[in-house]
Amino acid sequence: MKYLISLAGVLMASLLLLAACSVEDNDQQGVNVPSYASSAESVTDVFEANWSADQQVVDTATVSMRRWLWQAEVVISRLPHAWLLENSALTGMARKAAVSTTNEAFTTATSLEGYGQNNGNYYSLPPQNYWFKARMNNVDYEVEVELKDMNLVVTTGESGGQTSRVSVVLNVRSITCRNGNDKKVKVFSPEKPLTLNSTKKK
C-alpha cells in the first residue's frame, strides 16, 4: 500500500513538473527577443565626391554609406586609377599611356572610433588591398594597391540623423603592376594619402 501511495506521489510530481515546463516553454515562444540585425536602424546616404592628392583634384567618384550607431559600410565607385598608374613603378611613355580597363568598386566595413565637434563621427577602416586591370602599350596588367591607416569622418545633421558630409582618407603603401612574371612594385615611404571629399548629396 505504501508502495502504491509513493508511486502515485511520484507520478503526480512528474505531471506537475511537465505542466510547468510546458507553460514555461510557451511563455518563452511568445517573447520576441530582437536581434541586432532586426532592431538596429540604419541610415543610407549616397554622395558625389572628389578624389584629391597633393591638394589637387585627380578624379571623381560616388560614395554610398550605410551607417548604424557604431558601424558603417562604405562603397566607393572607384579609386583614382589614372593617378595610381601615373604614380606606379612604370616609367616613361608606358606610364603616361596607361589606361584602366576595369571599374572595380572599393567596399569596406568600418568601426566607430569616437565623436567630434559639429556632429562628427570618426571611423577607422581595416587595411586592405584594391585591384583593377589596366593596359599599357598593348600589355595587360593587374594592378594591386596596398592601403593602410585609413579613416572616415562623417558629419550628420543636428538631429544626428541623415549624413550631410563624408570624408575618407586612404593611405597608399604600395602599387604593384603584374603581367605574368613581369612585376613592377612602387613602395611609398611615407605612405601617399588619397582623400575623398563629398561634394553633393544624391
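An account of the accompanying structure is given in this report. (Residues numbered from 1 in each chain as written. Predicted model: local features only at pLDDT ≥ 70, side-chain atom pairs only at ≥ 80, totals over all residues. Heavy atoms only, no water.)

## Some remarks on the pairing of strand β1 (residues 43–53)
Within a regular strand, side chains alternate between the sheet's two faces.
Phase 1 of the analysis: Sheet analysis places β1 next to strand β2 (residues 56–67), joined by 11 bridges and oriented antiparallel. Within β2, the residue paired with Asn50 across the bridge is Thr60.
Phase 2 of the analysis: Hairpin connection between β1 and β2: a loop of two residues separates the two successive antiparallel strands, and Asp54 in this loop has a positive phi of roughly 55 degrees.
Phase 3 of the analysis: Note that β1 and strand β10 (residues 182–201) share six bridges and pair antiparallel. By the bridge assignment for β10, Glu48 is matched with Lys200. (Pairing = 2+ DSSP bridges. Helix = DSSP H or I, 4+ residues; strand = E, 2+ residues; numbered from the N terminus.)

## Description of the pattern of salt bridges
Phase 1 of the analysis: One pass over the full model with this rule turns up six salt bridges.
Phase 2 of the analysis: In this structure, the salt-bridge partner of Arg135 is Asp140, at a minimum N-O distance of 2.8 Å.
Phase 3 of the analysis: A relative accessible area of 40% means that Asp140 is categorised as partly exposed.
Phase 4 of the analysis: Note that Glu144 and Arg178 form a salt bridge whose closest N and O atoms lie 2.7 Å from each other. One end of the pair, Glu144, is in strand β8 (residues 139–156); the other, Arg178, is in strand β9 (residues 163–179), and 34 residues separate them in sequence.
Phase 5 of the analysis: Arg178 gets classed as partly exposed once you look at its relative accessible area, which sits at 30%. (Salt bridge = Lys/Arg side-chain N within 4 Å of Asp/Glu carboxyl O. Buried < 20%, exposed > 50% of the residue type's maximum accessible area, 1.4 Å probe, protein only.)

Function cannot be read off these values alone, since they describe shape.
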